[in-house]
Amino acid sequence: MKKIVLLFFVPFFQLSSQTFLPPIIEWHGKSESLIANPNNPWITSAEKSNFETTPSYDETFDWCKKLCNSSPLLTLVAIGKSLEGRTIYMIIASEEKNITASALKNSNKPLFLAQAGIHSGEIDGKDAGMMLLRDIAFGAKKELVNKVNFLFIPILSVDAHERSSVFNRPNQRGPKNMGWRTNAQNLNLNRDYTKLDTKEIRAVIKVINDYNPWLYMDIHVTDGADYQYDITYDFGSEKSYSPMITKWFSDTFKPAIDTDLKINGHIPGFYLNTANEMDFSKGNISFKGSPRFSNEYGELRHLPSILIENHSLKPYKQRVLGTYILLESTLKILAKEGNLLKQRIETDKAARPYQVPMSWNSEENSTNVDSMQFLAIESKILKSSVTNADYVQWTGKPITTRIANYSHNIPADLIARPKGYWIPASCEDVIERLKLHGIETKTIPFEQEVEVEMYRITDYKFENESHKLQPFEGHIQVTAKTNLEVHKQVFAAGSVYISTDQPLGDLAMLLLEPSSKDSFFSWGFFYSIFQRTEYIEAYVMEPMAKKMLEDSPELKIEFERKKESDKTFANDQNAILTWFYSKTKYYDERYLLYPIGREM
Ligand SMILES: [Zn+2]
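Per chain, the residues get numbers from 1 upward, laid out in the order the sequence is written. With pLDDT at 70 or above as the cut-off, local features in this predicted model cover only qualifying residues; side-chain atom pairs require 80 or more to be listed or tallied, and sums for whole chains, interfaces and linings still use all residues. Hydrogens are left out, water is left out, and the side-chain values use all remaining heavy atoms of the structure.

Draft legend 1. How the structure looks around the coordination of the zinc ion. Shown as donors are all N, O and S atoms within 2.8 Å of a metal ion, widened to 3.2 Å for Na, K and Ca; because water is not in the atom set, sites may appear incomplete. Protein coordination at the zinc ion: the donors are His119 (ND1), Glu122 (OE), Glu122 (OE) and His220 (ND1), at 2.0 to 2.8 Å from the metal. Geometry at the zinc ion is irregular, judged from the 4 donor atoms that bind it and their angles of 51 to 149° at the metal. When the donors of the zinc ion are listed by position in the chain, the intervening gaps give H-x2-E-x97-H. Of the two residues, His119 sits in the loop between β3 (111-116) and α4 (124-138) while His220 sits in strand β5 (residues 215-222), which places them 101 residues apart along the sequence. Owing to a relative accessible area of 3%, His119 belongs among the buried residues under this scheme. For His220, a relative accessible area of 2% puts it in the buried group. Square planar and octahedral assignments, for four and six donors respectively, both demand that opposite donors be over 155 degrees apart and that all other angles lie between 65 and 115; tetrahedral needs four donors with all angles between 85 and 135 degrees, and anything else is irregular. Helix and strand assignments come from DSSP, with helices taken as H or I runs of at least 4 residues and strands as E runs of at least 2, each series counted from the N terminus. Each residue gets one of three labels from its accessible area relative to the maximum for its type: buried under 20%, exposed over 50%, partly exposed in between, using a 1.4 Å probe on protein chains only.

Structure follows, in structure tokens:
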């Protein structure tokens, strides 16, 4: 056997990206007064390092366990386990005597769920949450949980948090040690909210179903362009799956948190995306993802959800302190306006729109575009001597401008709401995942014949979103054109019926309609319907085709036309015989038939 010795002659450059980041903007704010005194026994590891570093998984939870053991207000609970065997923890901050999931679900107090480290290099939320919980336990912030119950997940992507390096996020100003973006399977947890492949997201969905939070916050750090804002967020627009909830965010939540952040020296703003993927000269696009993302998933299931994207070019200290203010401010506004939010949730949950958009388009091509005041950082476009292309340089000079702002809220691919869906018992994996989402299902004990609409695939492609045949998030995605057919279909015992007359009815539609790009179909859970498994021999089909043509003048005309219009077909015996075969009763009726039925 040959021994292969790998020799690396190419030197790996150990240049620090920090040297190449755009100029730092000096920051001081009132929130700096939140930092614990050096002699405080409960000073956090990040505070002790002056926000140079963030604690490891073990350090984090050793500290959290001690903190929770020392305060009657705090309880550490396990909500799941990663593939590498790490426990995913959640801290409950509550004054209630009974803090079981069902007790907190049924409590009259608003319930706030915040999660940090879904992308574990973006860990601001963990260090902010640790400081805030310490102040709830021992400091002056006890009253924050008088009227609100608080659930906090310090690190969601626990395995990736330990794949830590100083070389992980080149566009980010600290901490020095950053975790990795994807989990141990190299899957992005913030693309997994519909397909539910990962243990981490399954754990969060279970928390959402068991505790039923009133507000869900997912804390990230964004790179991309430079601007003055340090804390940016996205709660969608009022044209959405949850319009009344979004209204609460814009009318009640936003003014309150913006005020608190500004008083403390922070610069809050909406989550930004350059229209030209370089600078803001062509404006901003209010990006709307699909329910594979946490906040879009929340909106679809009428769970008030907010995406936090702190700005990566701001120093770690500034970002953590801003996140502390944001968490604190959210607890305060929930104490004051939680009941109004609850009413809004109930309104959105009760709505049964008769048509549901499978996607949303941007206003980019519209003539009627909004503009917004923009706290920018000046930029220049330079010509590169390396690539010969243009690239952007940020000068560090704050300027105020006005830019175009394109909303992304035009409903598209509208689908009529069926009464319900029939899922055959053979789709065991899909049934399991529908149940994990918390969708109410009814399993039939005996076989049942039902008249349903079913989709026949007429054309299809296996491709990812950049139209390359390569896996995306561990799947080859599928897009298809379909025709609706009416079938009297027999569903075996163990098949499942899902009514769309339930709060998660819209979610069921986006998971089960093949045109939804986050449906199980699009994620490739139905590859096997694309294969034909029974054939007919030429010695049978040739004479049968001859007889069919003799018996049907219409078929003869259709055949001649087909040959005329499709020369490849006309010269392909196999294609011709398959064409005749498809017109016989012997043909596989289930070939290219999406097996889920729509009851209208
Ligand atoms: Zn992120």
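Draft legend 2. Just helix α7 (residues 243-263), in detail. Expected helix span is given by 1.5 Å per residue-to-residue step, counting one fewer step than there are residues. Compared with an ideal rise of 1.5 Å per residue, which puts 21 residues at 30 Å, α7 spans 29 Å between its outermost C-alpha atoms and is within 8% of the ideal. When the local axis directions of α7 are compared, the greatest deviation, roughly 45°, occurs at Phe253, which is followed within four positions by the proline Pro255. Buried residues in α7 make contact with β5, β6 (231-234), β7 (268-270), β9 (305-311) and α9 (316-350). At the C-terminal side of α7, Gly265 shows a positive phi close to 90°. Note that bend, as reported per residue, equals the angle between axes fitted to the 7 residues terminating at that residue and the 7 residues originating from it. Here, two residues are considered to be in contact whenever any of their heavy atoms come within 4.5 Å of each other.

Draft legend 3. Region of the structure containing the pairing of β9. The buried count for β9 comes to 7 of 7 residues, which makes it a mostly enclosed element. On β9, burial covers both faces: Ser305, Leu307, Glu309 and His311 on one face and Ile306, Ile308 and Asn310 on the other are all buried. DSSP calls a pair of strands paired once it identifies at least 2 bridges connecting them. As defined by bridge partners, β5 adjoins β9 across 7 bridges and the pair is classed as parallel. Its bridge partner being in β9, Thr222 is matched across the sheet by His311. As defined by bridge partners, β6 adjoins β9 across 4 bridges and the pair is classed as antiparallel.

Draft legend 4. Focus on unusual backbone geometry. With omega at 0°, the peptide bond leading from Gly174 into Pro175 counts as cis. Note that Pro175 resides in the loop between α5 (158-161) and α6 (199-211). The backbone of Asn388 sits at a positive phi, close to 70°, despite the residue not being glycine. Looking at where Asn388 falls in the secondary structure, it is placed in the loop between β11 (370-383) and β12 (390-406). In this structure, Glu473 takes a positive phi of about 55° despite not being glycine. In this structure, Glu473 sits in the loop between β16 (448-462) and β17 (478-491).

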